[in-house]
Amino acid sequence: GYWYYGGEPSIVVPNDPVEITLAVADRYGARYLALDRNRPAPLASLYEGAESHPRLHLVETLPGDMHVFRISPPEVQR
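Here the structure is a predicted model, which means the values were calculated and not measured.

## Topic: the overall build of the chain
Scanning the chain for helices and strands turns up 3 helices and 3 strands. Sequence-ordered secondary structure for the chain, helices as α and strands as β, is α-α-β-α-β-β. Taken against the 2.2 N^0.38 rule, which gives 12 Å for 78 residues, the C-alpha radius of gyration of the chain at 12 Å falls within 12% of a compact globule. When the backbone C-alpha atoms are referred to their principal axes, the chain occupies close to 40 × 30 × 20 Å. Looking at the chain as a whole, 26% of its 78 residues qualify as buried. At a minimum sequence separation of 6, the contacts of the chain that also span at least 24 residues come to 45%. For the chain, the accessible surface area stands at approximately 6,000 Å², while carbon and sulfur atoms represent 53% of it. Averaging the positions of the 7 positive and the 10 negative side-chain charges in the chain gives two centres separated by 5 Å.

## Re unusual backbone geometry
Phi at Asp65 is positive, roughly 60°, even though this residue is not glycine. If you trace the backbone, Asp65 turns up in the loop between β2 (56-62) and β3 (66-71).

## Focus: the nonpolar core
By size, the foremost hydrophobic cluster in this structure holds 11 residues: Val18, Leu22, Ala25, Leu33, Leu35, Leu43, Leu46, Tyr47, Leu56, Phe69 and Ile71. Those elements giving two or more residues to this core turn out to be α2 (18-28), β1 (32-35), α3 (44-48) and β3. The residues contacting Val18, other than those within four sequence positions of it, are Leu43, Leu46, Glu51, His53 and Leu56.

## Looking at the side chain of Arg55
With respect to the secondary-structure elements, Arg55 resides in the loop between α3 and β2. Overall, Arg55 belongs to the buried group, its relative accessible area being 13%. Looking at Arg55, its side chain comes within polar contact range of the side chain of Asp26, at 2.6 Å. Apart from the residues within four sequence positions on either side, Arg55 is in contact with Leu22, Asp26, Arg70, Ile71, Ser72, Pro73 and Pro74.

Cut-off values and rules
- Residues numbered from 1 in each chain as written.
- Predicted model: local features only at pLDDT ≥ 70, side-chain atom pairs only at ≥ 80, totals over all residues.
- Heavy atoms only, no water.
- Helix = DSSP H or I, 4+ residues; strand = E, 2+ residues; numbered from the N terminus.
- Rg over C-alpha atoms; globule rule 2.2 N^0.38 Å.
- Buried < 20%, exposed > 50% of the residue type's maximum accessible area, 1.4 Å probe, protein only.
- Contact = heavy atoms within 4.5 Å.
- Areas by Shrake-Rupley, 256 points an atom, 1.4 Å probe, with all protein chains shown as cover.
- Lys, Arg positive; Asp, Glu negative; His and termini not counted.
- Charge placed at Lys NZ, Arg CZ, Asp CG, Glu CD.
- Core = buried A, V, L, I, M, F, W, Y, C linked by side-chain atoms within 4.5 Å.
- Polar contact = N/O pair within 3.5 Å; in protein donor to acceptor, adjacent residues only side chain to side chain.

Set out below in C-alpha cells:
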C-alpha cells in the first residue's frame, strides 16, 4: 500500500524483534519505519511507546495512529 499511495519503494516489516527489523532496514537501505495498530507483535512495545531504541526516532504520528520513525545509520565499528 505504501508504494501505491506514496510512490516510493518499501519493504515489509518482519515479524521479528527490533534488532532484526533494523538489520533488514540496513540491508535494503530503508530510512523510515512505519508502524500502525497492525504492527508485528515483537514491535508492540515500540509502537506503544513502552520501549525505545537509540536508532529509532519518532518523527510523526499520522491519522489512524500510524507512527513514523526515522532510522539512524548504524554506528561504525572501530
